[in-house]
Amino acid sequence: RSMNVRSATLPSDAVPPGRPKMRAGPQVNLSIASASDMRPSSTSRSTNGSAVLPRHASGLHVLPAPNTPDEAELVGPKQVTGILQKLRETFDAVVVDAGNEFNECALAAMDASDRVLVLTLPALPSVRNTRRSLDFFGRLNYDPAKMVLVVNRHNAREPLSRKVLEEGLGRPVQWAIPNDYPAAVRAINQGTALRLMQPKGALSTNIDRLATLHVLGRSTASLTGRRWSRPSWLGKVLKRRFDHGTP
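In this text the structure is predicted, and so the values were computed from the model without any measurement. (Residues numbered from 1 in each chain as written. Predicted model: local features only at pLDDT ≥ 70, side-chain atom pairs only at ≥ 80, totals over all residues. Heavy atoms only, no water.)

Thoughts on the side chain of K146
And step 1. Inspection of the secondary structure puts K146 in the loop between α5 (124-139) and β5 (147-154).
And step 2. One buried charge, K146, has no salt-bridge partner; the nearest side chain with opposite charge is D111, at 5.3 Å.
And step 3. Only 3.1 Å separates the side chain of K146 from the backbone oxygen of S113, close enough to count as a polar contact.
And step 4. Setting aside its immediate chain neighbours within four residues, K146 contacts M110, D111, S113, D114, R115 and V116. (Helix = DSSP H or I, 4+ residues; strand = E, 2+ residues; numbered from the N terminus. Buried < 20%, exposed > 50% of the residue type's maximum accessible area, 1.4 Å probe, protein only. Lys, Arg positive; Asp, Glu negative; His and termini not counted. Salt bridge = Lys/Arg side-chain N within 4 Å of Asp/Glu carboxyl O. Polar contact = N/O pair within 3.5 Å; in protein donor to acceptor, adjacent residues only side chain to side chain. Contact = heavy atoms within 4.5 Å.)

Written out as structure tokens, the structure is:
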């Protein structure tokens, strides 16, 4: 179903300072570095702040990454927090791709978020790193209900089934995104949104439902308190490896 929701998105390299990535489409001057200097009134609802951000054909407003490495060095956790507050005043939903590094900027974005989607893959190294990440979030005293555990490129016929993944991670998987790598790569290479290229595809439909239930719907499903069935043999092996840090 279609929803009239005003959204903004920040790319992964906009949060942790790093190298700028190539993008399709015209060059824009506004970036997360220059946005950090905007006055609060420039992004308020009363002044239609969405007009200052580049708008993608999908309807999303995008705040690009810094144009140069020098600009990236100007973005710190204080700037990330301030920008997200400004965007929150203007848009109904703000999506941040925080990348895969736990630096100060990424943590500032997660601190300011209502939901944090933690992605993993059905592969042993990824699952082990995800468990370490979840343990780290626990040490930061994040509310477990804030974390949404998502398995990407999921295939029901994989050796690491969803049940085994949950036993290794020690908590339930709340969402599984089907594996359609060719479709995802085509969308990336064409510089277009997947739901514009394949609006009725299984991957597009799945991601739409994920956003509806766990982002726009503010789902409060807890990651704790689940009654587990008897662990499988493979699940026990995975847990021992995770606990002892062996590959």
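From this point, things continue past the structure.
Structural notes on the pairing of β5
And step 1. Most of β5 is tucked away: 6 of the 8 residues are buried.
And step 2. Judged from the 5 bridges that link them, strand β4 (residues 116-120) and β5 form a sheet pairing that is parallel. From the neighbouring strand, T120 faces β5, where its bridge partner is V151.
And step 3. Handedness of the β-α-β unit built from β4, α5 and β5 comes out right-handed.
And step 4. Alignment of β5 against strand β6 (residues 175-178), held across 3 bridges, turns out to be parallel. Following the sheet pairing, V150 is matched in β6 by W175.
And step 5. This β-α-β element, β5 to helix α6 (residues 162-169) to β6, shows right-handed connectivity. (Pairing = 2+ DSSP bridges. Right-handed = clockwise from strand over helix to strand, strands pointing away.)

Overview of the confidence of the model for the protein
And step 1. For the protein, mean pLDDT is 75; residues scoring 70 or higher make up 69% of the total.
And step 2. In the model, residues 1-5 has pLDDT below 50 throughout and makes 6 contacts with residues more than four positions away in sequence or in other chains.
And step 3. Long-range and interchain partners of residues 13-28, a stretch whose pLDDT sits below 50, account for 38 contacts in this model, where long-range means more than four residues apart. (pLDDT = per-residue confidence, 0-100.)

Let's talk about the packing of aromatic side chains
And step 1. Scanning the entire structure with this criterion turns up 4 aromatic pairs.
And step 2. With 5.4 Å between their ring centres and 65 degrees between their planes, F102 and F137 make a pair best called edge-to-face. Taken as a pair, F102 in the loop between β3 (93-96) and α4 (104-111) and F137 in helix α5 lie far apart in primary sequence, 35 residues in all.
And step 3. When its relative accessible area of 4% is taken as the criterion, F137 is described as buried. (Phe/Tyr/Trp six-rings, centres within 6.5 Å; stacked < 30°, edge-to-face > 60°.)

Points about unusual backbone geometry
And step 1. We note that N141 has phi near 65 degrees; this positive angle belongs to a residue other than glycine.
And step 2. Inspection of the secondary structure puts N141 in the loop between α5 and β5.
And step 3. Positive phi outside glycine occurs at R153, with the angle close to 55 degrees.
And step 4. Inspection of the secondary structure assignment puts R153 in strand β5.
And step 5. Assessed through its relative accessible area of 35%, R153 is described here as partly exposed.

Examining the environment of P172
And step 1. Take P172: it is sitting in the loop between α6 and β6.
And step 2. Sequence-wise, P172 and V150 are 22 residues apart; in three dimensions their C-alpha atoms are separated by 9.6 Å.

Examining the sheet that holds β5
And step 1. In space, the 3 strands of this open sheet follow the order β4-β5-β6, with parallel pairing throughout. Two strands close off the open sheet at either side, each with one partner strand: β4 and β6. When the angles between neighbouring strand axes are averaged without regard to direction, this sheet yields 30 degrees. (Axes fitted to C-alpha atoms, helices over the stretch in contact; angles between N-to-C directions.)

A closer look at the nonpolar core
And step 1. M110, V118, F137, Y142, M147 and L149 are the most contacted members of the largest nonpolar core, which has 16 residues in total.
And step 2. Counting residues per element, the ones that place at least two in this core are α4, β4, α5, β5 and α6.
And step 3. If we skip the residues at most four places from it in the chain, M110 touches F102, V116, F137, Y142 and K146.
And step 4. Counting residues in each nonpolar core, the second largest holds 14 residues, with L53, L63, V80 and L84 among its members. (Core = buried A, V, L, I, M, F, W, Y, C linked by side-chain atoms within 4.5 Å.)

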